[in-house]
Amino acid sequence: MFRKTRLAIALASSLLLGTAHADNHAKAAPTPEDAAAFITEVEAWSKDYGEYAARIAWVEATNITYDTNWLATRAAAESTRKGVEFANRAKDFNDLDLPADMRRKLEKIKLGVNLPAPTRDGAAAELAAINTRMSATYATGKIELDGEPVARNDLEVMMGTVRNADQLQEIWTRWREVPVSQRADGGTMKSDYAQMVALSNEGARELGFADVGAMWRARYDLPPDDFAAETDRLWNQVKPLYNELQCHVRARLNAHYGDQIVPLDQPIRADLLGNMWAQSWGNIYDLVGPADADPGFDLSALLLDNDYTAEQIVRTGEAFFSSLGFAPLPESFWERSQITKPRDREVACHASAWNLDGQDDIRIKMCTQVNADDFNTVHHELGHNYYQRAYKAQSPIFQTGANGGFHEAIGDMVALSITPEYLQTIGLLETVPDAASDLGLLMDRALDKVAFQPFGLLMDKWRWQVFSGQLSPEQYNDGWWALREEYQGIRPPVARASGYFDPGAKYHIPNNVSYTRYFIAHILQFQFHKAACDMAGWEGPLHRCSVYGAEEVGARFNAMLAMGASSPWPDALEAFIGTRQMDGSAMVEYFAPLMNWLQEQNADRVCGW
Ligand code: X8Z
Ligand code: ZN
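In this text, all values refer to a predicted model and were calculated from it rather than measured experimentally. (Residues numbered from 1 in each chain as written. Chains lettered and ligands numbered in written order. Predicted model: local features only at pLDDT ≥ 70, side-chain atom pairs only at ≥ 80, totals over all residues. Heavy atoms only, no water.)

Novice: Please set out the pattern of salt bridges residue by residue, giving values where relevant.
Specialist: With the rule as written, the count across this model stands at 35 salt bridges. In this structure, the salt-bridge partner of Asp-101 is Lys-105, at a minimum N-O distance of 3.9 Å. Within this pair, Asp-101 and its partner Lys-105 are both found in helix H4 (residues 100-110), separated by 4 residues, close to a single helical turn. According to the relative accessible area criterion, Lys-105 is buried, its value standing at 11%. Across the pair Asp-571 and Arg-580 runs a salt bridge whose closest N-O atoms are separated by 2.9 Å. Sharing partners across several salt bridges, the network here consists of Glu-51, Arg-55, Arg-336, Asp-361 and Arg-363. (Salt bridge = Lys/Arg side-chain N within 4 Å of Asp/Glu carboxyl O. Helix = DSSP H or I, 4+ residues; strand = E, 2+ residues; numbered from the N terminus. Buried < 20%, exposed > 50% of the residue type's maximum accessible area, 1.4 Å probe, protein only.)

Right, here's the structure in full:
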């Protein structure tokens, strides 16, 4: 089908050029040598243009101006145009019998463009301009509280510290005005988003996919429908635990805020959960933690009491990886990273990790604040950097995670080893709480990790519905809240008119970063952690296990990381933990004592929403 389209386009342009007569004989069937030459061409272009585009993207993300947006748009358009061309050409080799390695590279090339543009003239540039605009709107959108401008970064922190429901509602609603505020040209992030969906779907269909959602789901070495079913299977493993947690948290918020604000038969108000997106709830531990099992310390407070700086947090993260046997970060990491927010310019504060040259020029870009959330995020980002460096010897086509979930799980696995015992080892905590505090420690983790899972899943469920056309632009917001209610059991603090675009208030939507990767990562990191603790000979409860200093774990870990995406992900999983299946039971096992406690707490409560 697509082949026909391409031939038709080629024919039309050769007619225009008046050269139709010269090309009239049939093209010779491609050979394995042609395929090898094609792959070499893609690899060389990816390495060369990839570095150029990455440096432009870095300059833009760390200094957002008219000109850097212009440059970033140019480079993104060219990357898309070329990526789509390669994806199309890769299909020429569909019928060839090729070695597995070459076949895998060709399949990766077909899936290589995040958002494909149609091949017609100007489409890639138009799509790139839309994406730059959405991204810049998210990063730089201005928000005022009481008539004063407030940094977005500070608002995110306030959602975790403020305990006044009216003030929380105010911050929450202001944040969500950005995606619908009108530019001088009359457009909004919402109108851009709808245009982006139409254009990229057109591109995906030209490439032979049903829509962009199907293309994203195809990146997991499984047929797209099987992958969606796999995520549902994993969710069903964890859902009973989430439902108990939601029920308990609602009851405790009810005790704090009263029946008016937290009615016991309703989903929970999304602004009361300690996070701008209600995606992880660790910041309300003080309201919902078990009273008689307090671990007796608060990581944010410990960092402040010990005068930690942002850079020290990063050095601490590096030291953990060094203890596993990884080489120190290069000097250039320290010279070139953006660790704290610059005062004098606009930047994209959302944390990310980069490899600029496909080799050793690794960096993080953060607006690090000294608190527990960012302590974890630093480990998360460094995980990306160590993975990038570990697979640098692979072909550029394989320089990525075994699947997206692996990339997001590396640093998180390490952060699961931030136990009280570990904090004592590095001199942050004086006294390790005894076993009586275990429920508190588990609750703290569950508020971050278990609470996250339905959000991790629904972000892309929403996008799958949007890309498939099940949700029209008029239905974007209602469809979003239907999923938020169904999966998370939360609701907006005030009724949301359908004209709003609340999904656009979350970084990964305007930036088109697929999100199932984080859901998968939350499953995988517990599998990794359990296996790593076994390797290290740990015999106690999993939440007390830290693999700090376990070089034998580091060696096995590195074996998986060095593979990049060169083999299907079950091979990578097997290289590290010896099994080939993703499985939520490691997460369930980790939280089993908490599950028992939650069930007791909820025994006389009416759960559900
Ligand atoms: O976006 C991130 C990282 C960068 S890959 C900071 N995360 C998701 C989020 O913030 O929504 C990490 C957890 C989920
Ligand atoms: Zn990440």
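There is more to say, and it comes next.
Novice: Mind laying out the site of ligand 1, listing which residues take part and the relevant values?
Specialist: Inspection of the region around ligand 1 gives Gln-279, His-350, Ala-351, His-380, Glu-381, His-384, Glu-408, Phe-452, Lys-506, His-508, Tyr-515 and Tyr-518 as its neighbouring residues. Take Lys-506: an N or O atom from its side chain is 2.7 Å from an oxygen atom of ligand 1. Here Tyr-518 contributes a side-chain N or O atom positioned 3.2 Å from an oxygen atom of ligand 1. Considering ligand 1 on its own, with 370 Å² of exposed area, one finds that the protein chains cover 83% of that surface. (Near = heavy atom within 4 Å. Polar contact = N/O pair within 3.5 Å; in protein donor to acceptor, adjacent residues only side chain to side chain. Areas by Shrake-Rupley, 256 points an atom, 1.4 Å probe, with all protein chains shown as cover.)

Novice: Talk me through the state of the cysteines; I want residue IDs and the actual numbers.
Specialist: Under the criterion given, the structure shown has 3 disulfides. Here Cys-533 is linked by a disulfide to Cys-545, with a sulfur-sulfur distance of 2.0 Å. Between Cys-533 and Cys-545 the sulfur-sulfur dihedral comes to about -100°; the bridge is accordingly left-handed. In this pair, Cys-533 is assigned in helix H20 (residues 516-535) and Cys-545 in the loop between H20 and helix H21 (551-563), connecting sequence segments 12 residues apart. Both residues of the pair, Cys-533 and Cys-545, count as buried. (Disulfide = S-S within 2.5 Å.)

Novice: Could you give an account of the coordination of the zinc ion (ligand 2), with specific residues and numbers?
Specialist: Metal coordination angles have textbook ideals: 109.5 degrees for a tetrahedral set of four donors and 90 or 180 degrees for an octahedral set of six. Distances from the zinc ion (ligand 2) to its protein donors, namely His-380 (NE2), His-384 (NE2) and Glu-408 (OE), fall within the range 2.0 Å. For the zinc ion (ligand 2), the 4 donor atoms are set out with angles of 88 to 129° between them, so the coordination reads as tetrahedral. (Donors = N, O, S within 2.8 Å, 3.2 Å for Na, K, Ca; no water. Tetrahedral: all angles 85-135°; square planar, octahedral: opposite > 155°, others 65-115°.)

Novice: Tell me what's going on with the packing of helix H6 (residues 152-161) against helix H7 (residues 165-175), and back it up with residues and numbers.
Specialist: Here H6 crosses H7 at 140°, and the two axes come no closer than 10 Å. Taken as a pair, H6 and H7 cross one another with a handedness that is left-handed. Residues Arg-152, Leu-155, Glu-156, Met-158 and Met-159 of H6 pack against Gln-167, Leu-168, Ile-171, Trp-172 and Trp-175 of H7. Split into classes, the residues belonging to the contact of H6 with H7 amount to 7 nonpolar, 1 polar and 2 charged. (Axes fitted to C-alpha atoms, helices over the stretch in contact; angles between N-to-C directions. Left-handed = near helix turned anticlockwise from the far one by under 90°. Contact = heavy atoms within 4.5 Å. Nonpolar A, V, L, I, M, F, W, Y, C, P; charged D, E, K, R; others polar.)

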